[in-house]
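# Per-entry structural report
The primary structure of each chain is shown beneath.
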Amino acid sequence: MYRFLLTPRWWGINLFAVLAIPLCVFMGTWQLGRFEDRVQSHEQAAKQPAPGARAAEPLDDLLPVDTVTSGRPATATGRYADQFLVPGRELDDKSGFYVLNMLRTDDGKALPVVRGWLPGRPGHTPVPAAPTGEVTVTGDLQASENTGTDGVDTAGGLPDGQLGMISAASLVNLVPYDVYDAWVTLQDTGSSNDAEDGALRPVPAVAPQGSGLDLKAFQNLGYTGEWFVFAAFVLFMWFRLVRREAEAARDVRLGLVPDTDTDASTDADAGTRTA
């Protein structure tokens, strides 16, 4: 009854099923592993003390920035150089901008330092001057921003002295020295009262991407279900086609429906005899 499975047409169907089902299972398992990794990293981060509560360490000891070192207090010594204003940044649902200064270290490389946040628009709000001389700063370490970071301006066309994205790739074209692929945000802005007019307000550090149960984690879980459903659908359709083909072969054998191949041969023989 199932000899039709050895026909050329069914060889193609069988090959498709044999390749598609393991592929769907593999992809579903991979997506499930990605979700479990995110859950594990979230649990590990929850067990560890808050990054900002740890003791400050030298900047070079915490680089490169990853999910473990992001948010850790880092110290660096140098002199403030170029200053940039980063527009379109919100704090406590208020629109404003970051004040960023480049800290030239002894080795000549510069660290972007966000000294604080001010409400209003760049160029219309007075900015407190940066300290002069050699300074040692302690700030929460952050990874370079990218196009997916909240508040980033990728449209371009900003006035001189303004910066749309805090990253080494953006700054290296604006300053004549090397830049660290990281930045720090100061929690001590040097103001006695951060609520007073014109005082810099500290910018809180943000959690690194991929370190918690965010939307991407649940997307991985959704993709897991989709791949397993695809595998079950392929298997279901294969069994359904086999069953329908077997039923058709049984009906032909019992004479319930005419065998098209036999009828075609009989008609051909009759036509030959008539001729």
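Scroll up a little and you will see the structure.
Predicted, not measured: the structure shown is a model, and the values here were computed from it. (Residues numbered from 1 in each chain as written. Predicted model: local features only at pLDDT ≥ 70, side-chain atom pairs only at ≥ 80, totals over all residues. Heavy atoms only, no water.)

A few words on a negative patch on the surface. A surface patch of negative charge is lined by Asp60, Asp61, Asp106, Asp107, Glu134 and Asp178. By the element assignment, aspartate 61 lies in helix α2 (residues 59–62). The class of aspartate 61 is exposed, set by a relative accessible area of 53%. (Patch = residues over 30% accessible without salt bridge, like charges linked within 9 Å, V, L, I, M, F, W, Y side chains within 5 Å. Areas by Shrake-Rupley, 256 points an atom, 1.4 Å probe, with all protein chains shown as cover. Salt bridge = Lys/Arg side-chain N within 4 Å of Asp/Glu carboxyl O. Lys, Arg positive; Asp, Glu negative; His and termini not counted. Charge placed at Lys NZ, Arg CZ, Asp CG, Glu CD. Helix = DSSP H or I, 4+ residues; strand = E, 2+ residues; numbered from the N terminus. Buried < 20%, exposed > 50% of the residue type's maximum accessible area, 1.4 Å probe, protein only.)

Another point: the pairing of strand β5 (residues 134–142). Consecutive residues of a regular strand have side chains that alternate between opposite faces of the sheet. Sheet analysis places strand β2 (residues 73–91) next to β5, joined by seven bridges and oriented antiparallel. Its bridge partner lying in β5, alanine 76 is registered against valine 137. Sheet topology note: the β5/strand β6 (residues 183–186) ladder contains four bridges and is antiparallel. Across the sheet, aspartate 140 pairs through a bridge with threonine 185, a residue of β6. (Pairing = 2+ DSSP bridges.)

Scanning all chains against the criterion turns up four salt bridges. Linking glutamate 245 and arginine 9 is a salt bridge whose minimum nitrogen-to-oxygen distance equals 3.0 Å. Of the two residues, glutamate 245 is situated in helix α4 (residues 215–253) and arginine 9 in helix α1 (residues 8–47); the sequence distance between them amounts to 236 residues. You can call glutamate 245 partly exposed: its relative accessible area is 26%. For arginine 72, the salt bridge goes to glutamate 57, with nearest N and O atoms at 2.5 Å. With a gap of 15 residues between them, arginine 72 in the loop between α2 and β2 and glutamate 57 in strand β1 (residues 57–58) connect regions that are remote in the sequence. The buried category is assigned to arginine 72, whose relative accessible area is 9%. Residue glutamate 57 is classed as partly exposed on the basis of its relative accessible area of 27%.

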